[in-house]
Amino acid sequence: MSPESQARAEAQAQAMLAEMPLNELRQARGLSQKMLAEVLQVQQPSIAKLERRTDMYLSTLRSHIEAMGGELEVIARFPDGAVRISNFSSLDREQAS
């Protein structure tokens, strides 16, 4: 492939990796539903159900992401810039208490 084609392919691959559903993210992290269920102390069918949901509590999503070794941030994007929503950082303090 030409250098231009390689650059386009790399950019396309990075764009695909930057956005994916939860089940693909879990798989990309090398985790099975069973492994994630053990970390979250739930049954495997609960993980399957959660991965199909289109609406959930942020605390549920945060637990899921943290069980995969990540950190959830909520960012609002506007034409003039992005803002990290900090309301949810209080969850860390409450859970630590």
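Everything discussed here concerns the structure shown above.
Residues numbered from 1 in each chain as written. Predicted model: local features only at pLDDT ≥ 70, side-chain atom pairs only at ≥ 80, totals over all residues. Heavy atoms only, no water.

Draft legend 1. Structural context of the pattern of salt bridges. Enumeration over the complete set of coordinates arrives at three salt bridges. Among the ionic pairs, Arg26 bridges to Glu51, the shortest N-O distance being 2.5 Å. In this pair, Arg26 sits in helix H2 (residues 22-28) while Glu51 sits in helix H4 (residues 44-52), placing the two residues 25 residues apart along the sequence. Arg84 serves as the salt-bridge partner of Glu73, at 3.9 Å between the closest nitrogen and oxygen. Linking Glu73 in the loop between helix H5 (58-67) and strand E1 (75-78) with Arg84 in strand E2 (residues 81-84), this pair joins segments that are 11 residues apart in sequence. (Salt bridge = Lys/Arg side-chain N within 4 Å of Asp/Glu carboxyl O. Helix = DSSP H or I, 4+ residues; strand = E, 2+ residues; numbered from the N terminus.)

Draft legend 2. A look at unusual backbone geometry. One non-glycine residue, Gln41, adopts positive backbone phi at about 55°. By secondary structure assignment, the location of Gln41 is in the loop between helix H3 (33-40) and H4.

Draft legend 3. Quick look at H4. Restricting attention to buried positions, one finds in H4 the residues Ile47, Ala48, Leu50 and Glu51. Taken end-on, H4 shows its buried residues confined to a sector of 165°, consistent with a single buried face. Exposed side of H4, more than 90 degrees from the buried face: Pro45, Lys49 and Arg52 are the residues found there. The secondary structure elements touched by the buried residues of H4 are H2, H3 and H5. (Buried < 20%, exposed > 50% of the residue type's maximum accessible area, 1.4 Å probe, protein only. Arc of directions from axis to C-beta. Contact = heavy atoms within 4.5 Å.)

Draft legend 4. Seen up close, the environment of His64. Examined against the element boundaries, His64 turns out to sit in helix H5. What makes His64 buried here is its relative accessible area of 1%. Taking the C-alpha atoms as reference points, His64 and Arg26, 38 residues apart in sequence, are found 9.4 Å from one another. Residue contacts for His64: discarding those within four places in its chain leaves Leu22, Leu36, Leu40, Ile47, Leu50 and Glu51.

Draft legend 5. Quick look at the pairing of E2. Sheet analysis places E1 next to E2, joined by four bridges and oriented antiparallel. Counted as the bridge partner of Arg77 is Ala82 from E2. In textbook terms, the turn of a hairpin is the stretch between consecutive antiparallel strands, and for E1 and E2 this stretch comprises two residues. (Pairing = 2+ DSSP bridges.)

Draft legend 6. Inspection of the nonpolar core at higher detail. Grouped together as the largest cluster of nonpolar side chains are nine residues: Leu22, Leu36, Ala37, Ile47, Leu50, Ile65, Ala67, Met68 and Leu72. Those elements that place two or more of their residues in this core are H3, H4 and H5. With residues near it in sequence (within four places) discarded, Ala37 still touches Val42, Gln43, Gln44 and Ile47. (Core = buried A, V, L, I, M, F, W, Y, C linked by side-chain atoms within 4.5 Å.)

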